[in-house]
Amino acid sequence: MNFKSKLPNVGTTIFSVMSALATKHNAINLSQGFPDFDSDQKLIDLVNRAMNSGYNHYAPMSGNLELREAISKKIDSLYGTTYHPENEITVTAGATQAIFTIISTYIKPGDEVIIFKPAYDSYQPNVELNGGVVVPIQLQASNDFKVDWHEVKEKINNQTKMIIINTPHNPTGTVFSKDDMLQLENLTKNTNIMVLSDEVYEHMIYDHESHQSACLFPGLKARSFVVASFCKTFHNTGWRIGYCCAPKELMQEFVKVHQFNVFCIHHPTQKGIADYMQEPKYYLELSGFYQKKRNLFLNLIKDSKFKFTASKGTYFQVLDYSGITQEYDVDFAKRLTMESGIASIPLSVFNSNNLDNKVLRFCFAKKDDTLKRAADVLNSI
């Protein structure tokens, strides 16, 4: 059968490759971003209660209203701004589906989309599937992966339709500052450029930093989709549930595509999360929880040959191995998995032209014992 691939350069994701390699070699898996501890039993019980209470049929297309109200209340309390639960919030099958649907709704052939590399690997193929043109801006490890806004200004033109940002940033663990957001707001002022703000790690931010959501800045909020994830926040990545927020006129176009994609999301899970969110501590305490794990991990490897700058957000830590070997990062990551028994993610796969900065990403969303065992391995290298 003859056909032409719409994604001819896309193969199996590095996450699948490294996790499979970790399983094959019985390695400690700090590659793929998921916890090795359980979600809160209370949340599981609330979802079960929802099932037993009859929440087993279609939810409203935009999501369970109680959940949308809980999201709206959370955003108001954290950021002092509002999204109307009836027409400015949509519950999605994870953040990845929200991102795909946003891009599919608005990007047409020839539209340019600015993406900061290293970038989460779904952004570029989503743009290309819709005929868009990715305009990459490479963040540099030597500059702590900070954005050069002068370069962004130079890349903006009449074909620029969207800018995708991610803060806290996966895979580097950096966060956008207030000045970053103000510069983005200024650059997009008086344009038709949309902003897709991937904020799935909003509750994992450290060292007294503040999450600078796009919704905090009126000029950005008016042109932005803010994307978030319950999967990341509540330690249940397999549940695939997230949400996005945007002004009414943007969201009404989003739901036209959403309804023919997934239509609605698992209803009892939505009801369970809505009930769980009545106690804000479950997301407010998350930064402290993960900062302790980050600190433990970094303290354990402080005398290793790896170099690092402490992650400011997410549950990922980037380690520089240039003092150990000059191997290509993909080769070194695979060798560490097969020979040393620890799996990580090489950053070059997220970069323009597979730029290799000799850094690997490790996930510290693990039990303390797992982190101690991992540190023993890293200290021996």
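Structure: above.
In this report, the structure presented in the accompanying data block is examined. In this text, all values refer to a predicted model and were calculated from it rather than measured experimentally.

### Looking at the nonpolar core
- Within the largest apolar cluster, 113 residues are counted, with the highest numbers of intra-cluster contacts made by F116, M162, F225 and F297.
- At six residues, the largest contribution of residues to this core is made by helix α4 (residues 94-106).
- Apart from residues no more than four positions distant in its own chain, M162 is found in contact with I102, I103, Y106, I107, E112, V113, I114, I193, M194 and L196.

### Quick word on the sheet that holds strand β12 (residues 359-363)
- Pairing is antiparallel across the open sheet formed by three strands, whose spatial order is β9-β12-β11. A strand with exactly one partner marks an edge of an open sheet, and here the two such strands are β9 (316-320) and β11 (345-346).
- On the sheet, helix α14 (residues 329-340) packs against β11 and β12 and is oriented at approximately 45 degrees with respect to β12.

### Brief notes about the side chain of E112
- Checked against the element boundaries, E112 lands in strand β3 (residues 112-117).
- Put simply, E112 is tucked away with no salt bridge, and the nearest opposite charge, on K155, sits 9.0 Å away.
- If near-sequence neighbours (up to four positions away) are discounted, E112 is found in contact with V133, V135, K155, N157, Q159, T160, K161 and M162.

### Description of helix α3 (residues 65-79)
- Taking 1.5 Å as the rise per residue, α3 with 15 residues should run 21 Å; its terminal C-alpha atoms sit 21 Å apart, in good agreement.
- If you check which residues of α3 are buried, you get L67, R68, A70, I71, S72, K74, I75 and Y79.
- In this structure, the buried residues of α3 make contact with β2 (89-92), α9 (230-233), β8 (242-245), α11 (267-276) and α12 (281-284).
- The N-cap residue of α3 is N64: its side-chain oxygen and the backbone nitrogen of E66 are 2.9 Å apart.
- Residue G80 follows α3 closely and has a positive phi angle near 65 degrees.

The rules behind each value
- Residues numbered from 1 in each chain as written.
- Predicted model: local features only at pLDDT ≥ 70, side-chain atom pairs only at ≥ 80, totals over all residues.
- Heavy atoms only, no water.
- Core = buried A, V, L, I, M, F, W, Y, C linked by side-chain atoms within 4.5 Å.
- Buried < 20%, exposed > 50% of the residue type's maximum accessible area, 1.4 Å probe, protein only.
- Helix = DSSP H or I, 4+ residues; strand = E, 2+ residues; numbered from the N terminus.
- Contact = heavy atoms within 4.5 Å.
- Pairing = 2+ DSSP bridges.
- Axes fitted to C-alpha atoms, helices over the stretch in contact; angles between N-to-C directions.
- Lys, Arg positive; Asp, Glu negative; His and termini not counted.
- Salt bridge = Lys/Arg side-chain N within 4 Å of Asp/Glu carboxyl O.
- Expected span 1.5 Å × (residues − 1).
- Polar contact = N/O pair within 3.5 Å; in protein donor to acceptor, adjacent residues only side chain to side chain.

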